[in-house]
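One letter stands for each residue in the lines below.
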Amino acid sequence: MGFDRLIERIRDMQNPTVAGLDPKLDYVPRFICDEAFSKYSDPLEAAAAALLTFNKGLIDALCDIVPAVKPQCAYYEMYGWQGMRALYETIAYAKKKGMFVITDGKRNDIGATMQAYAAAHLGTTAVRGEQIAAFDADALTVNGYLGTDGIAPLLDKGIFVLVKTSNASSGELQDKCIGDKPVYRVMGDMCEAWGEPTRGAYGYSAVGAVVGATYPEMSRVLRKLMPKTYFLVPGYGAQGG
């Protein structure tokens, strides 16, 4: 349940790192782009093919030392449906190599719409009596600011809820207080409560938290308040964490 498989891979590899797969054509080696654009006349088809080839190379290089990858949906969506196919194929390839896949989509809605997001990214969709996995990732980042209605459809999945994000302006909302408690702590308390029924073999629930490395003091506070919540910690490296 939850993050048991991720925890086991981290333990086996002695490496808690997740590698972001956020490709742009500018990041892809020239020879890969040239080959893709010589093969496809449609620029979006060529771009998507180049991204996929690049991602496969990264996954091949990382799968024996890094337990997880985190593709960010936006970097694929901007290349149209062809880019989304590249996302699907990237997830499938990473899972084939044994990696844990976190789709960074930050989805947020309620009711049937959130159920649809859950089915699309983490579950299956009924098609003429057959249950079919669409993207089939292991976990999804979500925005919890619609409250329980936006989280309940995902509670049997693996999710990371935005709690204290790594961006510079996060404090404009997240550091504001409700009574004497900042919003990020309120969200942290909610994550612990949401996850209580979903604890796995290692004591952590299926409801994780996104807690930015750029705010280490707040991270330490949250770690004490959220002992059963697994943390996804963005911001390491380029953002200064």
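### Brief notes about the pairing of strand S1 (residues 18–21)
- Burial along S1 is one-sided: the face carrying Ala 19 and Leu 21 is buried and the face carrying Val 18 and Gly 20 is not.
- For S1 and strand S2 (residues 68–71), the ladder comprises four bridges, and the chain directions are parallel. What sits directly across from Ala 19, in S2, is Val 69.

### Thoughts on helix H3 (residues 43–62)
- Along its 20 residues, H3 runs 29 Å from first to last C-alpha, staying within 8% of the 28 Å computed at 1.5 Å per residue.
- Along H3, the residues classified as buried are Glu 45, Ala 46, Ala 47, Ala 48, Ala 50, Leu 51, Leu 52, Phe 54, Asn 55 and Ile 59.
- Check the buried side of H3 and you find it contacts S1, helix H2 (30–39), helix H4 (74–77) and helix H5 (80–96).
- Near the N-terminus of H3, the side chain that reaches the backbone nitrogen of Leu 44, with its oxygen 3.0 Å away, is that of Asp 42.

### Thoughts on the packing of H2 against H3
- It is at 8 Å that the axes of H2 and H3 come closest, and there the two elements cross at 140°. Relative to H3, H2 is oriented oblique. Relative to H3, H2 is oriented so that their crossing is right-handed. Between H2, through Ile 32, Cys 33, Ala 36 and Phe 37, and H3, the contact on the second element is made entirely by Pro 43, Ala 46, Ala 47, Ala 49, Ala 50, Thr 53 and Phe 54.
- Residue classes in the contact of H2 with H3 are distributed as ten nonpolar, one polar and no charged.

### Topic: the layout of surface pockets
- What the largest pocket holds in volume is close to 770 Å³.
- Put simply, the parts of the chain that give the lining of the largest pocket at least two residues each are helix H1 (4–13), S1, S2, strand S3 (100–107), strand S7 (159–164) and strand S11 (231–232).
- Ranked by residue count, the leading element in the lining of the largest pocket is S3, at three residues.
- Along the lines of polarity and charge, the residues of the lining of the largest pocket split into 17 nonpolar, nine polar and four charged.
- Considered as a void within the structure, the second largest pocket measures approximately 270 Å³ in volume.
- Considering the residues around the second largest pocket, the lining is formed by 16 residues, among which Lys 39, Tyr 40, Ala 49, Ala 50 and Thr 53 are closest to the centre.
- Residue contributions to the lining of the second largest pocket peak at six residues, all from H3.

### Re the state of the cysteines
- Inspection of every chain in the model, using the stated rule, returns zero disulfides.
- Sulfur of Cys 177: no disulfide; nearest cysteine sulfur belongs to Cys 191 and is 18 Å away.
- By relative accessible area, which is 0% here, Cys 191 ends up buried.

Rules and cut-offs
- Residues numbered from 1 in each chain as written.
- Predicted model: local features only at pLDDT ≥ 70, side-chain atom pairs only at ≥ 80, totals over all residues.
- Heavy atoms only, no water.
- Buried < 20%, exposed > 50% of the residue type's maximum accessible area, 1.4 Å probe, protein only.
- Helix = DSSP H or I, 4+ residues; strand = E, 2+ residues; numbered from the N terminus.
- Pairing = 2+ DSSP bridges.
- Expected span 1.5 Å × (residues − 1).
- Contact = heavy atoms within 4.5 Å.
- Polar contact = N/O pair within 3.5 Å; in protein donor to acceptor, adjacent residues only side chain to side chain.
- Axes fitted to C-alpha atoms, helices over the stretch in contact; angles between N-to-C directions.
- Parallel < 35°, antiparallel > 145°, perpendicular 65-115°, else oblique.
- Left-handed = near helix turned anticlockwise from the far one by under 90°.
- Nonpolar A, V, L, I, M, F, W, Y, C, P; charged D, E, K, R; others polar.
- 1 Å grid on protein atoms, 1.4 Å probe; cavity = no way out; pocket = protein on both sides within 12 Å on 5 of 7 lines; lining within 4 Å.
- Points joined across faces, edges and corners; volume = space filled by probe spheres on them.
- Disulfide = S-S within 2.5 Å.

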